[in-house]
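What follows is each chain in one-letter form.
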Amino acid sequence: MFKTFKRFTTQTLGRCLLIALCAVATTANANRLEEIKSRGRLICATLSGTEPLAFQDPRTRQYMGFDIDLCNALAKRFGVTLEHKPVAVEARIPELTLGRVDVVAAAMGYTKERAEQIAFSDIHYQLPIKIIVSKASGIKTFADLAGKKISANKGSTPETFTRARIPSAEVVTYQDSPTAFLALVQGRVQGQAIGQAAGVRFIQEGGGRFRFLDEALFFEPTGLGMKKDEPELRDAVNKALYEMESSGELDAMWDKWYGPDTKFQIPREKKLTPLSAF
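Keep in mind the model is a prediction, meaning the values are calculated, not measured. (Residues numbered from 1 in each chain as written. Predicted model: local features only at pLDDT ≥ 70, side-chain atom pairs only at ≥ 80, totals over all residues. Heavy atoms only, no water.)

Engineer: What is the right way to look at the nonpolar core in this model?
Structural biologist: A general feature of soluble globular proteins is that nonpolar side chains tend to end up buried together. By size, the foremost hydrophobic cluster in this structure holds 48 residues, and its most contacted members are Leu42, Leu74, Phe78, Val237, Met244 and Tyr258. Among the elements that line this core, the one with the most residues is helix H3 (residues 66-78), at seven residues. Two domains share this core, each providing at least three of its residues, namely domain 1 (33-126 + 222-272) and domain 2 (128-219). Look past the residues within four positions of Phe78 in its chain and what remains in contact with it is Leu33, Ile36, Lys37, Leu42, Leu233, Ala236 and Val237. (Core = buried A, V, L, I, M, F, W, Y, C linked by side-chain atoms within 4.5 Å. Buried < 20%, exposed > 50% of the residue type's maximum accessible area, 1.4 Å probe, protein only. Helix = DSSP H or I, 4+ residues; strand = E, 2+ residues; numbered from the N terminus. Domains from an automatic or database assignment. Contact = heavy atoms within 4.5 Å.)

Rendered as C-alpha cells:
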C-alpha cells in the first residue's frame, strides 16, 4: 500500500510539474498583441484633463479628444473594442511596466531616458515649443531676447531648449506655467517658454496683449508608449499609424482638434517620422 501511495504521489507530482512547466512556457511564448486580440479589448491610457488630447465633455462627462480618437482608431484596426483608462502624468510609465495597460497615448514625449524604460512607436506628431512675448515689447525674434529674462517651468523641455537656443538670455524657472506667465504679465520677465498648445490658454487670458514669436525653440517628438520587449505589438501599432498617415486619417484628427477652426490653430508641420530619426 505504501509503495502504491508513493507511486501515486510521484506520478501526481510529475503531472503537476509538467503542467507548471507548460504554463511557464505558454507565458513565455505569449505576446501582448495576441493577448489583446484574445480578450477582445485594447486597454489604452490617456491623460484625463488635457484639452485637446483627452478631457471630459462638460455636458455628457464622456471623454473626448485627439488621443481618444487615436485609441479608437487603433482598436478598430486591431479588430477589438477600446477600453479607455485615464491616467495621471506620473502614472504613465508605471502603468505600462506593470502591464495594466497595453498602450499609452498621453503626451508621451520621446526622450532617450524614457526609451530605456518603455518602448516607443514611431513619432506621430511633434508640437512646437514657443516663446510668448508682450505685443508692446517690440520683441520679434530670438535675437531680440539677448540679455533679457525668459520664464519656464523648472526642469521642463522649454527650459532646456531656451538655454540651448538663446544662451544670451537669462532663464528664470518657476514651479508651474501659470506662475511663469504671471511673471511675464508683471514685467519681471520679457518672455515665457512653453509648449504651443499649453500656451494658447495664456494668450487668450492675456486679453490680446501677448503673442507667440514665429520661430519654434524645438519640435517635441511624441509617440505611443508600450511595454518593452513586445515587438509584435510595436510593429502592429506602427503599421496602424502608417495606414492612418497614408489615408489622411491622422491629418483629419489633427485638424479636428488642433486645426484652423479650433482655438489652438496649430498646423501639423511634422508628419509621421521613424523613431530611428531621433
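From this point, the discussion proceeds with the structure in view.
Engineer: Any chance you could explain the state of the cysteines here in plain terms?
Structural biologist: Each disulfide is one covalent bond, formed between the sulfur atoms of two cysteines. Inspection of the entire model under this criterion finds one disulfide. A sulfur-sulfur distance of 2.1 Å marks the disulfide that ties Cys44 to Cys71. On the sign convention where negative is left-handed, the bridge of Cys44 and Cys71, at about -55° about the S-S bond, is left-handed. Note that Cys44 is positioned in strand E1 (residues 41-46) and Cys71 in helix H3, a separation of 27 residues in sequence. Grouping residues by exposure puts Cys44 and Cys71 together as buried. (Disulfide = S-S within 2.5 Å.)

Engineer: Explain the pairing of strand E7 (residues 125-134) to me, please; I cannot follow it from the model alone.
Structural biologist: Looking down a regular strand, the side chains alternate between one sheet face and the other. The buried count for E7 comes to nine of 10 residues, which makes it a mostly enclosed element. Direction of pairing for E7 relative to strand E12 (residues 218-226): antiparallel, over a ladder of five bridges. Following the sheet pairing, Leu127 is matched in E12 by Glu220. The pairing of E7 with strand E10 (residues 191-195) spans four bridges and is antiparallel. The residue bridging Lys130 from the neighbouring strand is Ile194, located in E10. (Pairing = 2+ DSSP bridges.)

Engineer: Explanation requested: the environment of Lys76 in the structure shown.
Structural biologist: Here Lys76 is to be found in helix H3. For the pair Lys76 and Ala240, spaced 164 residues apart in sequence, the C-alpha to C-alpha distance is 9.7 Å.

Engineer: Would you explain helix H6 (residues 157-165) in this entry?
Structural biologist: The periodicity of an α-helix, 3.6 residues per turn, causes residues three or four positions apart to be oriented the same way. All buried positions along H6 are accounted for by Pro158, Glu159 and Thr162. Taken end-on, H6 shows its buried residues confined to a sector of 100°, consistent with a single buried face. Contacts made by the buried residues of H6 are with E7, strand E8 (149-153), strand E9 (170-174) and E10. Where H6 begins, one side-chain oxygen reaches toward the backbone nitrogen of Glu159, 3.2 Å away; that side chain belongs to Ser156. (Arc of directions from axis to C-beta. Polar contact = N/O pair within 3.5 Å; in protein donor to acceptor, adjacent residues only side chain to side chain.)

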